[in-house]
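So the chains spell out like this:
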Amino acid sequence: MRIVENPHAKNIKYTTDHRERPRSVKNRINGDRHLNVLPDLDHRFNVRKTETEQQSLFSTRNLQFSYEDKEKRVLDKDAVEESHIEIKNAEILIEKQEDEMREGSTGISYGSCSRSRVLEKSRTGIVNVLAFKPPIFRANGGAMASIMPNFGLRRLPLLNKFRSTLPPPVRFHRSSTSIAISSSESSYEDSEEPKSNTHTLSIEEPQINKSKSKKPKPLFPKRGETLELVCESLAFKGKGLCKVEDTGYVVMCDRALPGERFVGRVTRKKNNYSEVTKVKTLNPHRDMVEAPCEYSSNCGGCRTQNLLYEAQVSAKEEQVRDLVVHVGKFSYKDPEFENVMKPIVPCNLQFHYRNKMEFSFGPKRWLPKEQMVEKNEDGNLFSLGLHAPGFFDKVLNVDKCFLQSEPANKVLAAVQECWRNPELGLSPYDCHSHAGFLKHLTIRSGRDVDTQAPQLMVNFVTSSYKPELLKPLVDKLAVFPEVVSIMNNINTAVGNTSVGEKEYTLYGKATITEILRGLAFEISANSFFQTNAHQAEILYKLVEDCAGLKGDGSEIVLDLFCGTGTIGLTLAKKVKHVYGYEVVPEAISDARRNAKLNGLHNATFIQGDLNKIGESFGKDFQKPDIVISDPNRPGMHTNLIKYLLKLKAPRIVYVSCNPATCARDLDLLCHGSVDQKIQGCYRLRSIQPVDMFPHTPHIECVCLLELC
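Residues numbered from 1 in each chain as written. Predicted model: local features only at pLDDT ≥ 70, side-chain atom pairs only at ≥ 80, totals over all residues. Heavy atoms only, no water.

An unreviewed UniProt entry lists the protein chain under the name TRAM domain-containing protein, from Deinandra increscens subsp. villosa.

In structure tokens:
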């Protein structure tokens, strides 16, 4: 550091310190301030401030002034000329120059300042100002003592991205005694001010209207906060996808439909989105229709009855497309993608299409808020129906369901009519106290092989075996000609499952039959079977088309997750042999019985857990030409995917009831994974969405993969 003294002004000290240079833009311009400079500049410059204004700072970067004498000196009037400069587009350049100071001056004079200050406009459109030249001090009126370094406004970088946060530019006012900095929108301006005996440099802080400044909204809405939202589309599982205005933050709302504007309350925060509950609808959705079911607004079965069916299938197709692109990592830009992605196949039967419905007994009837004021006159609040959405212990009483057949609804009404009679001594199971007798009522529908007449199976799931308690119900239901089987499953566990540990036949036979693609299938109380037999005909036809069978009976088919063998058996007549794997023993028994029933002897069904396959897996069958995989909602295990990649069958037909896990598995089969050390070797040829369950968010997909 170097100190230079002027003998004519003993109390003026000029200190230079090149270490004071700002190192970043943050040091030059800082949010609420115009310029960021020395904190002790206030008392040294005797800066004027109003009561409501904050301290304004002025950076000299490499020169500090220290005034210890009351006789303060100010810059010459000629030091500043009037100029209009936009502060956000300006760069101020300081040219280092030297000049001699006249002896005997009582102030600081810049003899050649007017000559050296020039306004220049560069070719790039940036206005440059060559500002003041510092004085040279002479000691004792003779020899030059030393040269003082340059000072002034340094170059300000263009901060385009900070325009919204910067305060308005400043305006310079010059006078013979003071320089004031005030706010301006676009320029520096000079103005004459009244002379004053005090020589000071005053800096006026720009007036900021704090009342107009708005606090930025947080990105994540808080729990309990209400938002006005517009549903953009339906996401997977049928929830409405919305975005918060101004931030674009994603929120999901149950029962919100595309185009609907509503008020929602934030209920929970997830990893990258929040869930809201609809409080009030402001504008209905664009494809609104009247739901025929009185329970549709509160039941968790079919949520989208009030949405036009054409809009439902369109939304489902878009969901599959988005999942294949974002989860499966297949590109829209691929010229073959449009040929791969097939349009969705709608369902002709939009109601009464399910052949299985499961109802639950409850000790207390659940009512929506708007119906809480209503009370049951007889005081019996027992319920038989469907679980309220999101609750395992609350049951919405249902007298009629539009998803099951009309004969099934008659059986449900008959049970509802008599099971609450205190004389029968029947009590619903309480999942909290684990007391009670009746747990579930399952109604399955089928068709007679010869007459095509409807058949019904009624299954009572109870906590213990007490057939005498069920006898009044059995007698009442046996009068229906469609009822050919009444079963009793015993489930002593405290869980809410409907699969019994033991099974008893209370009336008729133990199975019913269903016809699918020309084959007869026996269905037991706990066996898996496609719940929409009408649409299953179309689904299995698509599977056969994707398999591309030669028809000469020379191919081997491996049917994974075969269930009761429906897919494999429909292909058995055209192939050499079918090998089916399933983890449920009862399903394997049904598959073997169905093969025998239809006279098919080239089908072998093996019980085993495909999620726990070992090195010995595959020794029970020949290398397949076609692999058919129909997993449950979690999709295929990584070990099974590795086995299929090692097996390298020419074709894989993937039948999925969950597009999300399907897209994940397709990504591994086609693209592989570096982290999991998986190398894909298949090419996706087609994806065919199928609407198996109208008015619900569920989607079925048939995918064809070929070996590269």
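K.L.:
Just checking my understanding: could you explain the overall build of the protein chain for this structure?
P.N.:
Assigned secondary structure in the protein chain consists of twelve helices and 31 strands. Counting the 708 residues in the protein chain, one finds 48% classified as buried. For the protein chain, the share of sequence-separated contacts (at least 6 apart) that also reach a separation of at least 24 residues comes to 63%. With the model as given, the accessible surface of the protein chain reaches about 36400 Å², and the carbon-plus-sulfur share is 50%. (Helix = DSSP H or I, 4+ residues; strand = E, 2+ residues; numbered from the N terminus. Buried < 20%, exposed > 50% of the residue type's maximum accessible area, 1.4 Å probe, protein only. Contact = heavy atoms within 4.5 Å. Areas by Shrake-Rupley, 256 points an atom, 1.4 Å probe, with all protein chains shown as cover.)

K.L.:
Help me understand the pairing of strand β26 (residues 577–582), please; the structure alone is not making it clear to me.
P.N.:
One face of the sheet, then the other: side chains in a regular strand alternate in exactly this way. Of all the six residues making up β26, six are buried; the element is thus mostly covered by neighbouring parts of the structure. Here strand β25 (residues 556–560) pairs with β26 via five bridges, running parallel. Residue pairing across strands places Val-557 opposite Val-578, the latter belonging to β26. Taken together, β25, helix α9 (residues 566–571) and β26 constitute a β-α-β crossover, and its handedness is right-handed. In this sheet, strand β27 (residues 603–607) lies alongside β26 in parallel orientation, the contact comprising five bridges. From the neighbouring strand, Tyr-581 faces β27, where its bridge partner is Ile-606. Tracing the backbone out of β26, into helix α10 (residues 585–597) and back to the parallel element β27 gives a crossover that is right-handed. (Pairing = 2+ DSSP bridges. Right-handed = clockwise from strand over helix to strand, strands pointing away.)

K.L.:
Please clarify how the UniProt feature "active site" (unreviewed entry) in the protein chain should be interpreted in this entry.
P.N.:
In this structure's numbering, the residues bearing the UniProt feature "active site" (unreviewed entry) are Cys-657. Inspection of the secondary structure puts Cys-657 in the loop between β29 (651–656) and α12 (659–670). Look past the residues within four positions of Cys-657 in its chain and what remains in contact with it is Pro-631, Asn-632, Arg-633, Ile-699 and Glu-700. (UniProt positions renumbered as here; feature names shortened; annotations may be inferred.)

K.L.:
Explain helix α4 (residues 309–326) here, please?
P.N.:
An α-helical segment advances 3.6 residues per turn. Residues three or four places apart therefore align on the same side. Spanning 18 residues, α4 covers 26 Å between terminal C-alpha atoms, matching the ideal 26 Å at 1.5 Å per step. A large share of α4 lies buried, amounting to 13 of its 18 residues. (Expected span 1.5 Å × (residues − 1).)

K.L.:
Would you mind showing me how to read the UniProt feature "binding site: S-adenosyl-L-methionine" (unreviewed entry) in the protein chain here?
P.N.:
Sites flagged by UniProt as "binding site: S-adenosyl-L-methionine" (unreviewed entry) map to Gln-530, Phe-561, Glu-582 and Asp-630. Within the secondary structure, Glu-582 is located in strand β26. Relative accessible area serves as the criterion here: at 12%, Glu-582 is assigned to the buried category. Other than its neighbours up to four places away in sequence, Glu-582 contacts Phe-561, Cys-562, Gly-563, Ala-587, Ile-588, Ile-606, Gln-607 and Gly-608. In terms of polar contacts, Glu-582 uses its side chain to reach the backbone amide nitrogen of Gly-563, at 3.0 Å. Once residues within four sequence positions are removed from consideration, Asp-630 is found in contact with Leu-560, Phe-561, Ile-567, Val-655 and Glu-700. (Polar contact = N/O pair within 3.5 Å; in protein donor to acceptor, adjacent residues only side chain to side chain.)

K.L.:
Got a minute to help me understand the sheet that holds strand β11 (residues 226–234) in this structure?
P.N.:
Within a sheet, adjacent strands bond to each other through the backbone by hydrogen bonds, running parallel or antiparallel. Pairing is mixed around the closed barrel formed by five strands, whose spatial order is β11-β12-β13-β15-β14. Adjacent strand axes in the sheet meet at a mean angle of 50°, parallel and antiparallel pairs treated alike. Two strands pair when backbone bridges link them, and β11 and strand β12 (residues 240–243) are joined in this way by three bridges, in the antiparallel orientation. What sits directly across from Leu-234, in β12, is Gly-240. (Axes fitted to C-alpha atoms, helices over the stretch in contact; angles between N-to-C directions.)

K.L.:
Any chance you could explain the packing of aromatic side chains here in plain terms?
P.N.:
Centre-to-centre distance and the angle between the planes together describe a pair of aromatic rings. On inspection of all chains with the given rule, the structure shows eleven aromatic pairs. With a centroid separation of 5.9 Å and 55° between ring planes, the pair formed by Phe-521 and Phe-529 is classed as tilted. Pair check on accessibility: Phe-521 and Phe-529 agree, each one buried. With centroids separated by 5.8 Å and ring planes inclined at 40°, the aromatic side chains of Tyr-579 and Phe-621 adopt a geometry described as tilted. You can see Tyr-579 sitting in strand β26 and its partner Phe-621 sitting in the loop between β27 and β28 (626–629), a full 42 residues away along the chain. (Phe/Tyr/Trp six-rings, centres within 6.5 Å; stacked < 30°, edge-to-face > 60°.)

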